[in-house]
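# Summary of the model geometry
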Amino acid sequence: QLVESGGGLVQAGGSLKLSCVVSGGTFSRYVMGWFRQAPGKEREFVAGIRRSGGTTAYADSVRGRFAISRDNAKNTVYLQMNSLKPEDTAVYYCSADVSVIIYLRAIEYDYWGQGTQVTVSS
């Protein structure tokens, strides 16, 4: 089970930190990803992190503004979002996959959270 938290309403230029707690599995075995989906759009990759946390990947649209991290002792993955823009508005989903690489396509991930809404006002 994946449970996200930390979403909300923020003004452009502000920051939010999302958290995702994983239960029911061995967290350190999972590659973790964050995706987002805006109304009328497909779910898109935002960031991913490998099992040890040593390798990360970002979408071009968020690179330099967002940072993904994980705490394997707490079974938690984070997404620090800075310099938020109105176009970052979406439902953000946490995902997990038992793999060794960071997949960029949502279909590759086996487990999903319920999502948390992030709204950035201009």
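Residues numbered from 1 in each chain as written. Predicted model: local features only at pLDDT ≥ 70, side-chain atom pairs only at ≥ 80, totals over all residues. Heavy atoms only, no water.

## Some remarks on the overall build of the protein
- When its secondary structure is counted, the protein shows zero helices and 11 strands.
- Its helices and strands in sequence order give the protein the pattern β-β-β-β-β-β-β-β-β-β-β, from N to C terminus.
- For 122 residues, the compact-globule formula gives about 14 Å, and the C-alpha radius of gyration of the protein, at 13 Å, lands near that figure.
- Projected onto its principal axes, the C-alpha coordinates of the protein cover approximately 40 × 25 × 25 Å.
- Of all 122 residues assigned to the protein, the portion counted as buried reaches 43%.
- The long-range fraction of contacts in the protein, counting pairs at least 24 apart against all pairs at least 6 apart in sequence, stands at 59%.
- For the protein, the computed accessible surface area is about 6100 Å², with 47% contributed by carbon and sulfur atoms. (Helix = DSSP H or I, 4+ residues; strand = E, 2+ residues; numbered from the N terminus. Rg over C-alpha atoms; globule rule 2.2 N^0.38 Å. Buried < 20%, exposed > 50% of the residue type's maximum accessible area, 1.4 Å probe, protein only. Contact = heavy atoms within 4.5 Å. Areas by Shrake-Rupley, 256 points an atom, 1.4 Å probe, with all protein chains shown as cover.)

## Describing the pairing of strand β11 (residues 116–121)
- Of the two faces of β11, only the one carrying T116, V118 and V120 is buried; Q117, T119 and S121 on the other face are not.
- Looking at chain direction, strand β2 (residues 8–11) and β11 are connected through four bridges and run parallel. Within the sheet, the bridge partner assigned to G8 lies in β11 and is V118.
- The pairing of strand β9 (residues 90–97) with β11 spans three bridges and is antiparallel. Counterpart to A90 in the pairing with β11 is V118. (Pairing = 2+ DSSP bridges.)

## What to know about the sheet that holds strand β1 (residues 2–5)
- Spatially, the four strands line up as an open sheet ordered β1-β3-β8-β7, and their pairing is antiparallel. Because the sheet does not close on itself, it has two edges, and the strands there are β1 and β7 (66–71). Put simply, the sheet's adjacent strands are angled 15° from each other on average, direction ignored. (Axes fitted to C-alpha atoms, helices over the stretch in contact; angles between N-to-C directions.)

## Here's the deal with the environment of S121
- Here S121 shows up in strand β11.
- You can call S121 partly exposed: its relative accessible area is 27%.
- Between the alpha carbons of S121 and T89 there is a distance of 8.4 Å; along the sequence they are 32 residues apart.
- Beyond its immediate stretch of four places on either side in the chain, S121 contacts L9, V10, Q11 and A12.

## As for the side chain of R70
- Counting through the fold element by element, R70 comes out in strand β7.
- Among the polar contacts made by the side chain of R70, one reaches the main-chain carbonyl oxygen of Y30 at a distance of 2.8 Å.
- For R70, the side chain forms a polar contact with the side chain of N72, separated by 2.7 Å.
- Those residues within four positions of R70 in sequence are excluded, and the remaining contacts are F27, S28, Y30, V31, M32, I49, R50, R51, G53, T76 and V77. (Polar contact = N/O pair within 3.5 Å; in protein donor to acceptor, adjacent residues only side chain to side chain.)

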